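Spelled out from the first residue to the last, the chains are:
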Amino acid sequence: MNRILTKLKEEKKLLSIYFSAGYPNRNDTTSIIEHLEHSDVDMIEIGLPFSDPLADGPTIQESSTQALKNGMTTELLFEQLKDIRKTVSIPLIIMGYFNPILQYGVEAFCKKCEEVGIDGLIIPDLPADVYHREYKTIFEHHNLINVFLITPQTSEQRIRYIDSISNGFIYMVSSASVTGSNSGFGEAQTTYFKRIANMNLNNPTIVGFGISDKQTFTQATTYSKGAIIGSAFIKFLKQHSIAKIPEFVKAIKN
Amino acid sequence: MTEIMIYNINDKGYYGEFGGAYIPEMLYPNVEELSQKYLAIMNEASFQKEFNQLLKDYVGRPSPLYFAKRLSEKHNTKIYLKREDLNHTGAHKVNNTIGQILMAKSLGKTRIIAETGAGQHGVATATVCALMGMQCIVYMGAVDIERQAPNVARMKMLGAEVRPALSGSKTLKDATNEAIRDWINNPTNTHYIIGSVVGPHPYPDMVARFQAVISEEIKWQLKDKEGTETPDHVIACVGGGSNAAGAFYHYLDDTNVNLIAVEAAGKGIHSGESAATSILGREGIIHGSKTLLMQTNDGQITEPYSISAGLDYPGVGPMHAHLYKTGRAEFLAVTDDEAMTAGLELSQLEGIIPAIETAHALAVFDKKAFKASDIVILNVSGRGDKDLQNYIDYFKL
Ligand SMILES: Cc1ncc(COP(=O)(O)O)c(C=O)c1O
């Protein structure tokens, strides 16, 4: 079974961490993944850097740009990941924009993902209907789960549609924002989290965007299966060595 | 009649294989709302009335179709200039911003955002926001803010806030990214006025329809002057492609009309400093649209170069990608030097100082021979006032 599905069955709230592959240094990718696994993180999103990350705030834009400057490419990412399944067993998801994947070739990309042991993909600018029409069979053939986003503005009807074409979890964007805005969660978010929880969707939700510490993690996971931390982790990496990763995770989980 | 709509958009939002809406879910409600409503709104009698009234009384339309006698003699063909340079604010851009501000009003939006490169679209947007009393925020690359000080001042004087785009290469593509991020952050009260026939569906089609007034007028103006609605050639420069889309629009499916799209070759197509997107680009996704764009083998979008700030966009609208791919339009690339020479030539033969963007289109007369009997329409997309410093530096005036 796909590792994501197995993980979602566990009776606990899941912590997923996002980072940009090739940042801070080109060859940090596998070391970061291994440190995250040893720190008891539940799932990892590996960011495939892109020159024009539309849905990202300054922190991830910067790490993405730096990774590209470091010489990061799609091919190199697969090269770095080729032995990752010898040391890492938690679910690994690649999060990237559609153009680099399109240039690599969607089929070739999915095949490579399967070979190195990637379990799922998050492609923010690949719309659900285009995925459904053109790429679903390719993804499924390579045992990849495609994860869709919903936001506070997504209509109930569309949430139901997205739920119907999902087969893992739904990425619930916490607020109307790009990544990295962390003003904390207020009344509006709680109402939204509750509203989605009350919809009794077939797929669990994992909340992302704006989660930066224990408090926001707890708030987000009160009504959902887990939460994803991105910008806050990248800021941490900017200031601390990879060896310090367990401290970052501990501060959130304990 | 069976040919109708082959070159125009289909009901799924694609021109052939190009177009669509490759947008993050955060933008879906806004783009979907626009997609559902734009045609109905544009077709309302009250919308049409207000749009046409403003184009007439405020923009100064119809823009003249002028027979350029001396230019025609020089190049031994019959050249008509479509004078978009005479529009209020000095370019074709305002046709689109008038249309979109009315669209924003119909949608109940109160806050306007836009991207700009050279500042022409920013000025045209700030202008209509002043006209309608709407809040206006224009994103502009930090590098372009430095290069285009007079237009920055114009926007401020018109009451707009100019926000620098500090990411990436700090030029037009990054300003567009910032505008899109703003829209994600402000999903309910904001309308994004895109400045060309780019972006996710329905923008390319909506902008093309607002610019289509150009060829609509050409048809009756030419009929008046030559007894025919149909020229042999229509020439326009292409950045994102909006003035060309407008000049081509009513001729798209009339294959008797040769459409010539002119891109900026910068220092030479293969110099590494060029913006000849169709020729150098490959199929991909930029700003929500599947089209041709300049990119690395790895799918990273690259920075174009042209002396003309209005042409250095790494993509091209999906309509033009389709016109290129199908061979419906002829695509030519013109270098900085060729354009500057042609700009000077028009100034001295006809007393019209063109925008450097337009000068690229004019350079076609030095590259391609037309028959003496041919009727050639050239769309003068804008005037050269904004480019004076460039002309001064180039010609050491
Ligand atoms: C005068 C003028 N012409 C042409 C362009 C290029 O844009 P488009 O290709 O959308 O007409 C611009 C853009 O700023 C412009 O200012």
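Residues numbered from 1 in each chain as written. Chains lettered and ligands numbered in written order. Predicted model: local features only at pLDDT ≥ 70, side-chain atom pairs only at ≥ 80, totals over all residues. Heavy atoms only, no water.

*Asks:* Any chance you could explain the domain arrangement of chain B here in plain terms?
*Replies:* Quoted interface sizes are often the accessible area lost when the parts come together. All names here are of chain B. Per the domain assignment, the segments of chain B are domain 1 (25–56 + 93–206) and domain 2 (60–90 + 212–395). The C-alpha centroid of domain 2 is placed 23 Å from the C-alpha centroid of domain 1. Taken together, the contacts link 29 residues of domain 1 with 30 residues of domain 2. Taking both sides of the interface into account, the surface hidden between domain 1 and domain 2 amounts to around 2200 Å²; carbon and sulfur atoms contribute 59%. The largest contributions to the domain 1 side of the interface with domain 2 come from Asn 95, Lys 173 and Val 197, which together make up 23% of the buried area. Along the contact surface separating domain 1 from domain 2 lie zero salt bridges. Put simply, domain 1 and domain 2 have eleven residue pairs in polar contact (both at pLDDT 80 or more) between them. Listed by contribution, the elements that provide at least two residues to the side of domain 1 that touches domain 2 are α2 (45–59), α4 (93–106), α5 (120–132), α8 (172–185) and α9 (203–211). (Domains from an automatic or database assignment. Contact = heavy atoms within 4.5 Å. Buried area = accessible area lost by both parts, 1.4 Å probe. Salt bridge = Lys/Arg side-chain N within 4 Å of Asp/Glu carboxyl O. Polar contact = N/O pair within 3.5 Å; in protein donor to acceptor, adjacent residues only side chain to side chain. Helix = DSSP H or I, 4+ residues; strand = E, 2+ residues; numbered from the N terminus.)

*Asks:* Explanation requested: the sheet that holds strand β4 (residues 120–122) of chain A in the structure shown.
*Replies:* What links the strands of a sheet is backbone hydrogen bonding, and the strands pair in either a parallel or an antiparallel sense. Residues and elements named next belong to chain A. Spatially, β5-β4-β3-β2-β1-β9-β8-β7-β6 is the arrangement adopted by the nine strands of the open sheet, whose pairing is parallel. On the outer flanks of this sheet lie β5 (145–147) and β6 (149–150), each paired with one strand and no other. Inspection of the sheet shows strand β1 (residues 14–20) paired to strand β9 (residues 226–229) by four bridges, in the parallel sense. Along β9, the bridge assignment pairs Ser 16 with Ile 228. The strands touched by helix α2 (residues 29–38) are β1, β2 (43–48) and β3 (92–96); relative to β1, the strand with the most contacts, the crossing angle is about 165°. Its contacts with the sheet place helix α12 (residues 245–253) against β1 and β9, and it is angled at close to 145° to β1. (Pairing = 2+ DSSP bridges. Axes fitted to C-alpha atoms, helices over the stretch in contact; angles between N-to-C directions.)

*Asks:* It is not clear to me how the site of the ligand should be interpreted in this structure. Could you clarify?
*Replies:* Residues and elements named next belong to chain B. Within the structure, the ligand sits among 17 residues, and Ser 196, Gly 239, Gly 241, Ser 242 and Ser 381 are positioned closest to it. Ser 196 is positioned such that a nitrogen or oxygen atom in its side chain is 2.5 Å from an oxygen atom of the ligand. A distance of 2.7 Å separates a nitrogen atom of the ligand from a polar atom in the side chain of Ser 381. Contact with the protein chains removes 97% of the 400 Å² of surface that the ligand exposes when unbound. Shared between two domains, the shell around the ligand takes at least three residues from each, and those domains are domain 1 (25–56 + 93–206) and domain 2 (60–90 + 212–395). (Near = heavy atom within 4 Å. Areas by Shrake-Rupley, 256 points an atom, 1.4 Å probe, with all protein chains shown as cover.)

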